[in-house]
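# Overview (structure and organization)
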Amino acid sequence: MSKFCINGGKKLNGEINISGAKNSALKILTAAILTKEESTISNVPDIIDIRSMIKIVESIGAKINFSNNTLTIDPSDIDSCSPDKSLTNKLRGSIVLVGPLLARFGEANISKPGGCLIGARPIDDHIDVFTQLGVKVTEKDNEYVFSGKPKANEVTLSKLSVTATENAIMASVLSTGVTNIYVAAAEPEIVDLAEFLNKMGAKIKGAGTHEITVTGVNELHGAKHDVMPDRLEAATYLMFAIATNSTLTIKPIVPQHMSIILKKLREAGGKFEIIKKGNFQCIETFKRDSLKPVSIDTRTYPGFSTDMQSPYVTLMTQASGESQVFETLFEGRFLYVDELKLMGAKIDFLSPHLIKITGPTALKPGVIVSRDLRGGAALVMAGLIAKGTTTIESTEYIDRGYEAMDKKLLQVGASIQRIEG
Ligand code: EPZ
């Protein structure tokens, strides 16, 4: 269990380099098993969830090399459709291995993916998708057995689910015929996955919209791909900059992936510009005046991402007035609020999904515990704001999705120390 010790109240200055997107790289890694040929994926973030998924994919026989953010995978010797259950039940995202296993081998046997602290995380929509593709699904005590090659069909999701959409795409790429996927999620990470699959020889149209068409092909080949920048990491550091009234350059970013959060942060008084530097774009932040309260509700893309809700709430503790945050997707995504209240934040629960924040409050330093990935980022922001030393425990949650957050913050002048053990 590692900790971060932050001596807050400092202004930051300098450049933050954004890593590749966790929620894209995880799926591209599993998509790579759809061929026997080797693929090379660059700009892969070196985070716990990637290292966990590597072990899971290696447990079915793939050979993977991962260094300096570049991953090569040789899937030619895969000899099992039952990834190590002691690993899959610790990583909810491992569910995206089922689609590729069904497409290539016609079977998959996985542990029931554990829920997690942000919510029960059911997989009924995934099962519904595979059933619509003609796959037989058997539920045993703590595992699911999927059998049968997916058959091209008209597939309609029962809600906008990111990974269920990605499973529908990956399950269909080798089917005979055309699969139309309706009520598809439209996140940018799905577009990045489709781009990789099309480089492998797949025929996917409409990724990024709510209707996706997959024309099955006989086989796919290896490909090279550079993972898109992580919009969620970029938004996190942008909010760190605004919260501490700092001047940071955050790069690279894809501004169109962040439209609504840029709009809301500007409305709240954040001062920043999007500028082009060479062949990529970046955000430059400037000194701001006082922050204004702006209420938000979390929605599927292109709405305000639920993954940005937690840091945004910490930011609103510094705004002058009352704001409300309505978390519409997950039932457990306010776990960090109690920790913020220990630091003096004035936050009231109007319902399990709706909170009211009253600011500005001078957050007090203290010892707090991170309970999930994005909640952890919210607590780091609180530590950067509070004058004095804040200790954040269980930072392995943060390391699941943010590459070297302590190192990136040290480089821009934050006083942050990682304490292992
Ligand atoms: C993806 O999770 C992301 N994870 C999550 O990011 C993100 O919060 C979420 O999408 C929503 O944007 C990855 O891509 C690895 P969903 P996913 O299926 O696909 C319900 C992070 O912090 N649902 O889009 O699992 C579900 O409970 C992580 O980076 C069902 O009911 O989420 C939620 O209410 C956290 N049954 C809603 O749908 C299902 O079978 C949307 O969830 C599947 C989902």
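The structure we're discussing is the one just above.
Residues numbered from 1 in each chain as written. Predicted model: local features only at pLDDT ≥ 70, side-chain atom pairs only at ≥ 80, totals over all residues. Heavy atoms only, no water.

### Quick word on the site of the ligand
- Taken together, 23 residues lie near the ligand, and D124, S161, T163, D307 and L329 sit nearest.
- Separating an oxygen atom of the ligand from a side-chain N or O atom of D307 is a distance of 2.6 Å.
- With respect to the ligand, the side chain of R333 contributes an N or O atom lying 3.1 Å from an oxygen atom.
- Against a free-state accessible area of 830 Å², the protein chains account for coverage of 90% of the ligand.
- With respect to the pocket detection grid, the ligand is positioned in the largest pocket.
- Those elements giving two or more residues to the shell around the ligand turn out to be α1 (22–31), α5 (124–132), α6 (162–172) and α12 (373–385). (Near = heavy atom within 4 Å. Polar contact = N/O pair within 3.5 Å; in protein donor to acceptor, adjacent residues only side chain to side chain. Areas by Shrake-Rupley, 256 points an atom, 1.4 Å probe, with all protein chains shown as cover. 1 Å grid on protein atoms, 1.4 Å probe; cavity = no way out; pocket = protein on both sides within 12 Å on 5 of 7 lines; lining within 4 Å. Sits in = over half its atoms within 2 Å of the grid points. Helix = DSSP H or I, 4+ residues; strand = E, 2+ residues; numbered from the N terminus.)

### Description of the packing of α1 against helix α2 (residues 48–58)
- Relative orientation of the contacting elements α1 and α2 amounts to 10 degrees, with a least axis distance of 10 Å. On the basis of their axis angle, the class for α1 and α2 is roughly parallel. Two secondary-structure elements touch here, α1 through K22, A25, L26, L29 and T30 and α2 through D49, I50, M53, I54 and V57.
- Of the residues contributing to the contact of α1 with α2, the split by class is 7 nonpolar, 1 polar and 2 charged. (Axes fitted to C-alpha atoms, helices over the stretch in contact; angles between N-to-C directions. Parallel < 35°, antiparallel > 145°, perpendicular 65-115°, else oblique. Contact = heavy atoms within 4.5 Å. Nonpolar A, V, L, I, M, F, W, Y, C, P; charged D, E, K, R; others polar.)

### Some details on the packing of aromatic side chains
- Per the counting criterion, the structure on display carries 5 aromatic pairs.
- Between Y144 and F146, the aromatic rings sit 6.1 Å apart at their centres with planes inclined by 40 degrees, giving tilted as the arrangement. As far as burial versus exposure is concerned, Y144 and F146 are alike and both buried.
- Aromatic pair F304 and Y312: ring centres 5.3 Å apart, planes at 70 degrees, arrangement edge-to-face. (Phe/Tyr/Trp six-rings, centres within 6.5 Å; stacked < 30°, edge-to-face > 60°. Buried < 20%, exposed > 50% of the residue type's maximum accessible area, 1.4 Å probe, protein only.)

### So, the nonpolar core
- Residues F146 and L197 are the most contacted members of the largest nonpolar core, which totals 69 residues.
- Excluding residues that lie within four positions of it along the chain, L197 makes contacts with A31, L34, I169, M170, A202 and I204.
- Counting 65 residues, the second largest nonpolar core, distinct from the first, contains I242, I261, I296 and Y312. (Core = buried A, V, L, I, M, F, W, Y, C linked by side-chain atoms within 4.5 Å.)

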